[in-house]
Amino acid sequence: MSFLRVNGLSARLKGAGHPILRGVSLSVAAGEVRGLVGESGAGKSMIGKAVLGILPKAVEVSGGEILLGGVDLLRLPPKERRARIGATCALIPQDPLTALNPSRRIAPQITDRLVDILGWDRGRALARAEELLAEVHIPDPARVLRAYPHELSGGMRQRILIASAFAAEPKLIVADEPTTALDVTVQKQVLKLIAEMQARHGTALLFVTHDLGVVSKVCDSLTVLYGGLVVEDTDVRSFFAGPAHAYSRALLAATPKYTDPQASLTPVPDAVIRDVQAEVAAADRRARHG
Amino acid sequence: MQLLRAVLLRLATTAVTLLGVAVIVFVVIRVVPGNPIAMMLPPGATEADVARLTAQYGLDKSLPEQFLIWAGGVLRGDFGLSITARQPVLDLVLGRLPATLELSVMALVIACLLGGFAALTGTRARGTGGEAAIDVANGMALSIPDFLWGLILVLLFGVLWPLFHISGRVTPSLELPFTTDFYLFESVLRLRFDLWANIVSHMFLPALALAIPLAAIIGQLLKQSLKETMHLDYVTLARTKGYGENHVILREALRNAILPTLTLVGVQFTFLIGGTVIIERLFSYEGLGNLAIDAVINRDLPLIQGIVILFAVIFTAVNLCVDLLYAVLNPRLRHG
Ligand SMILES: Nc1ncnc2c1ncn2[C@@H]1O[C@H](COP(=O)(O)OP(=O)(O)OP(=O)(O)O)[C@@H](O)[C@H]1O
Ligand SMILES: [Mg+2]
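Residues numbered from 1 in each chain as written. Chains lettered and ligands numbered in written order. Predicted model: local features only at pLDDT ≥ 70, side-chain atom pairs only at ≥ 80, totals over all residues. Heavy atoms only, no water.

Undergrad: Describe the overall build of chain B, with residues and values.
TA: When you go through chain B residue by residue, the secondary structure sums to 14 helices and zero strands. Reading chain B from its N end, one meets helices and strands in the order α-α-α-α-α-α-α-α-α-α-α-α-α-α. Principal axes of the C-alpha set define a box for chain B whose edges measure 85 × 55 × 40 Å. By residue count, 44% of the 336 residues in chain B fall in the buried class. For chain B, the share of sequence-separated contacts (at least 6 apart) that also reach a separation of at least 24 residues comes to 72%. In the form shown here, chain B has an accessible surface area of approximately 16,800 Å², with 71% of it arising from carbon and sulfur atoms. When the 23 positive and 23 negative side-chain charges of chain B are each reduced to one mean point, those points stand 9 Å apart. (Helix = DSSP H or I, 4+ residues; strand = E, 2+ residues; numbered from the N terminus. Buried < 20%, exposed > 50% of the residue type's maximum accessible area, 1.4 Å probe, protein only. Contact = heavy atoms within 4.5 Å. Areas by Shrake-Rupley, 256 points an atom, 1.4 Å probe, with all protein chains shown as cover. Lys, Arg positive; Asp, Glu negative; His and termini not counted. Charge placed at Lys NZ, Arg CZ, Asp CG, Glu CD.)

Written out as structure tokens, the structure is:
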């Protein structure tokens, strides 16, 4: 039984009603890493935000369900929904430079959820934070806990955010392009760290990225998105053996190979784009008449 | 250490500023027409009387000479004698200062409470009619100056519904056990809450009149920066931890959003203190501002000089406090 199961989730812009997610379904089980790929604007981040209850004010959910441990979040009153998300899910954000509060020390930013939402006592939460920082290979955790974010490097801050995400032993973690804002040299280490932590804690991980190379390294399954529509949902092995959907194949062809980064890349052909856009239009027609 | 150096530098520049203020005031009040000596003497005084008094107050000497004599006294803590009250200027001024400080601080507290409340509720209600209502109220509060608010408050709560006192600092018939002139403060220390209530009832309307425009400024600016802060990633991250709107605003956003407001409040607070001059007159409140108007009417040159210097000292002290507070609240400056 998957911990997260999204069924036919649709979202649109308030007012204009422009669709952003078109009946998205996907699931992530404990211990599974699901990649969420697609070009910029495909709606990858929106899915993660919908799950975590942080959709922008301008966007509203127009249908479907988000089952977290079998309970539909969209049917819960806001307060219960928040508490449920806070207790079972966590986010590894994209930009470590902006995701820590500049005027608070590191320690309370890791322990606050444990103390306020889960009711731990402060001493235990602090000990846990120190333990976690050691786990993400931060030297001198006690000092770092007392530091302010501006005293730490970007890579260090991303490690802290990863530690913080695992602090409450969440069932599900959403990582939204957790390495794109980092230095190339640090990217690999951080990626490895996330994979290592996920495996050790057996967490379900929804990994948003537009990098298929990353997918091949850390994911078990993946969902390919175009225009808020799922075009392919498969496991990683069969995907890299040969994607079923023409758009996925084109996407794969457009990705540099690790074995041969200099090989010439084929951009997604216009014909493929036309076809997938026709599918999106067909989905909209079905949604209107069904 | 950096902080200490900055403070020392500020003190040095403050000294120069005060010297400049002293020179300007000294010259200006001697250039404008109106002879203090003539105003002191009864009708029919002789030329000789005028000359004698003029010499007594040193007004027969040249301007630079007068300034040096006065400045030399100031450095020794002697601000000269008030011409009208015939008392040391320093005693007069220090006697009135506590009343004005208490009024200004009370106004500042009211402004921060009202403005903070407007900003927080406006942020909570952002994008709804509630925010629009707060914006309208803010706009009204800002477009009416403090002395007009004073008149409005007198009419409403002094005349129409006489809920508060509208004249003086405390009911004159009351027996005051105070040893300092900080009545409000001392009444609390002595646990004399009957007197405290009487003093607050006198101070409330003038303080509110001073506070309303500042509250509007605080409300607008703080709401603006809170709203901007609410979009930032660390606020969103806090939401995913299970925190609700109130917690997120107060603990994640407020502390960062308050910094730009703080600087402005410092500047505006000095304007507020300037505003006490008219407001104290309006409410017959026995503070420095009321004394200043009397001094100007009577051409009491030493007294005017003393008051202006004191105001200048207060203004620079306020600015210094704001800068220090800013450094304390902003960890990037504290360590930088
Ligand atoms: N705050 C917002 N208000 C309204 N619409 C938004 C907002 N943020 C994103 N959108 C729209 O929602 C759609 C999906 O955006 P989303 O951020 O999920 O894309 P993405 O797949 O994560 O892209 P990227 O790879 O660039 O992060 C886009 O069409 C975008 O224009
Ligand atoms: Mg995104």
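Undergrad: Just give me the short version of the state of the cysteines, but keep the residues and values in it.
TA: Formally, a disulfide is one covalent bond, and it connects the sulfur atom of one cysteine to the sulfur atom of another. In total, this model carries zero disulfides over all chains according to the counting rule given. For Cys112 of chain B, which is in no disulfide, the shortest distance to another cysteine sulfur is to Cys321 of chain B and amounts to 14 Å. (Disulfide = S-S within 2.5 Å.)

Undergrad: Run through the confidence of the model for chain B, naming residues and quoting values.
TA: Residues of chain B with pLDDT of at least 70 account for 99%, and the chain-wide mean is 89. Two summary scores accompany this predicted model of the complex, namely pTM at 0.85 and ipTM at 0.92. (pLDDT = per-residue confidence, 0-100.)

Undergrad: Summarise the interface of chain A and chain B; cite the residues concerned and give the values.
TA: Between chain A and chain B, the residue contacts involve 27 residues of the former and 20 residues of the latter. Surface buried jointly by chain A and chain B totals about 2,200 Å² across both partners, of which 53% is contributed by carbon and sulfur atoms. It is Arg82, Ser103 and His150 of chain A that lose the most area in chain A upon contact with chain B, and together they represent 22% of the buried surface on that side. If you look at where chain A meets chain B, you find four salt bridges. For the salt bridge of Asp112 of chain A with Arg251 of chain B, the shortest nitrogen-to-oxygen distance reads 3.9 Å. (Buried area = accessible area lost by both parts, 1.4 Å probe. Salt bridge = Lys/Arg side-chain N within 4 Å of Asp/Glu carboxyl O.)

Undergrad: Could you give an account of the site of ligand 1, with specific residues and numbers?
TA: All names here are of chain A. Neighbouring ligand 1 are 15 residues; Ser40, Gly41, Lys44, Ser45 and Met46 lie closest to it. One nitrogen or oxygen atom from the main chain of Ala42 is found 3.2 Å from an oxygen atom belonging to ligand 1. At 2.9 Å from an oxygen atom of ligand 1 is found a main-chain nitrogen or oxygen belonging to Met46. In the complex, 63% of the free accessible area of ligand 1, which totals 630 Å², lies under the protein chains. Taken together, the residues of the shell around ligand 1 break down into seven nonpolar, five polar and three charged. (Near = heavy atom within 4 Å. Polar contact = N/O pair within 3.5 Å; in protein donor to acceptor, adjacent residues only side chain to side chain. Nonpolar A, V, L, I, M, F, W, Y, C, P; charged D, E, K, R; others polar.)

Undergrad: Before we move on, could you go through a nonpolar patch on the surface and cite the residues and values that matter?
TA: Residue and element names in this part refer to chain B. On the surface, a cluster of nonpolar side chains totalling about 390 Å² of accessible area is made up of Leu19, Val23, Val27, Val31 and Leu63. If you tally residues by element for the nonpolar patch, the top one is helix α1 (residues 2-31), at four residues. Residue position: Val31 is located in helix α1. (Patch = residues over 30% accessible without salt bridge, like charges linked within 9 Å, V, L, I, M, F, W, Y side chains within 5 Å.)

Undergrad: Could you give an account of the pattern of salt bridges, with specific residues and numbers?
TA: Within this structure, the stated rule accounts for 25 salt bridges over all chains. Of the charged contacts, one joins Arg251 of chain B and Asp116 of chain A as a salt bridge, the two residues approaching to 2.9 Å between their closest N and O atoms. With Arg251 of chain B in helix α11 (residues 245-282) and Asp116 of chain A in helix α3 (residues 106-117), the pair connects residues from two separate chains. Exposure remark for Arg251 of chain B: the relative accessible area of 31% places this residue in the partly exposed category. With relative accessibility at 37%, the residue Asp116 of chain A sits in the partly exposed group. Taking the shortest distance from any N to any O, the salt bridge between Glu245 of chain B and Arg126 of chain B comes out at 2.8 Å.

Undergrad: Explain the side chain of Glu280 of chain B residue by residue, including any values.
TA: Residues and elements named next belong to chain B. With respect to the helices and strands, the residue Glu280 is situated in helix α11. Buried charge Glu280 goes without a salt bridge, the closest partner of opposite sign being Arg96 at 5.8 Å. Among residues more than four places away in sequence, those in contact with Glu280 are Thr100, Leu103, Tyr285, Gly287, Leu288, Gly289 and Asn290.

Undergrad: Explain the environment of Glu131 of chain B to me, and be specific about the residues and the numbers.
TA: With respect to the helices and strands, Glu131 of chain B occurs in helix α6 (residues 129-143). Engagement of the side chain of Glu131 of chain B in a polar contact is seen with the backbone nitrogen of Gly127 of chain B, the distance being 2.7 Å.

Undergrad: Lay out α11 of chain B in plain terms, naming residues and giving numbers.
TA: Residues and elements named next belong to chain B. With 38 residues, α11 should reach 56 Å at 1.5 Å per residue; the first-to-last C-alpha distance of 43 Å falls well below that figure. Where α11 bends most, at Leu254, the angle is about 60 degrees. In the segment just after α11, Ser284 is the residue with positive phi, at about 45 degrees. (Expected span 1.5 Å × (residues − 1). Bend = angle between axes of the 7 residues up to and from the residue.)

Undergrad: If you had to explain the sheet that holds strand β4 (residues 59-68) of chain A to someone new, which residues and values would you point to?
TA: Residues and elements named next belong to chain A. Sheet architecture is open: four strands sit in the order β2-β1-β4-β5, paired in antiparallel fashion. Here the strands that pair on one side only, and so sit at the sheet edges, are β2 (19-28) and β5 (71-72). In terms of strand pairing, strand β1 (residues 4-13) meets β2 through six bridges, oriented antiparallel. For Val6, the partnering residue across the bridge sits in β2 and is Leu26. (Pairing = 2+ DSSP bridges.)

Undergrad: Tell me what's going on with the pairing of strand β8 (residues 204-208) of chain A, and back it up with residues and numbers.
TA: Residues and elements named next belong to chain A. Of all five residues that make up β8, five are buried, and the element is covered over most of its length. Burial along β8 is two-sided: the residues Ala204, Leu206 and Val208 and Leu205 and Phe207 are all buried. With four bridges joining them, strand β3 (residues 33-37) and β8 adopt parallel strand pairing. Counted as the bridge partner of Gly35 is Phe207 from β8. Two strands pair when backbone bridges link them, and strand β7 (residues 172-176) and β8 are joined in this way by five bridges, in the parallel orientation. When the bridges of β8 are listed, Asp176 appears paired with Val208. Crossover handedness for the path β7 to helix α7 (residues 184-201) to β8: right-handed. (Right-handed = clockwise from strand over helix to strand, strands pointing away.)

Undergrad: Outline the packing of aromatic side chains, supporting the account with residue identities and numerical values.
TA: Scanning the model with the defined rule gives 10 aromatic pairs over all chains in all. Ring plane angle 70 degrees and centroid distance 5.0 Å describe the contact between Tyr226 of chain A and Tyr247 of chain A, whose orientation is recorded as edge-to-face. Of this pair, Tyr226 of chain A sits in strand β9 (residues 221-226) while Tyr247 of chain A sits in helix α10 (residues 246-253); the two residues are 21 residues apart in sequence, bridging distant segments of the chain. Residue class for Tyr226 of chain A comes out buried when judged on its relative accessible area of 8%. For the ring pair Phe311 of chain B and Phe315 of chain B, a centre distance of 6.1 Å and an interplane angle of 50 degrees mean the geometry is tilted. (Phe/Tyr/Trp six-rings, centres within 6.5 Å; stacked < 30°, edge-to-face > 60°.)

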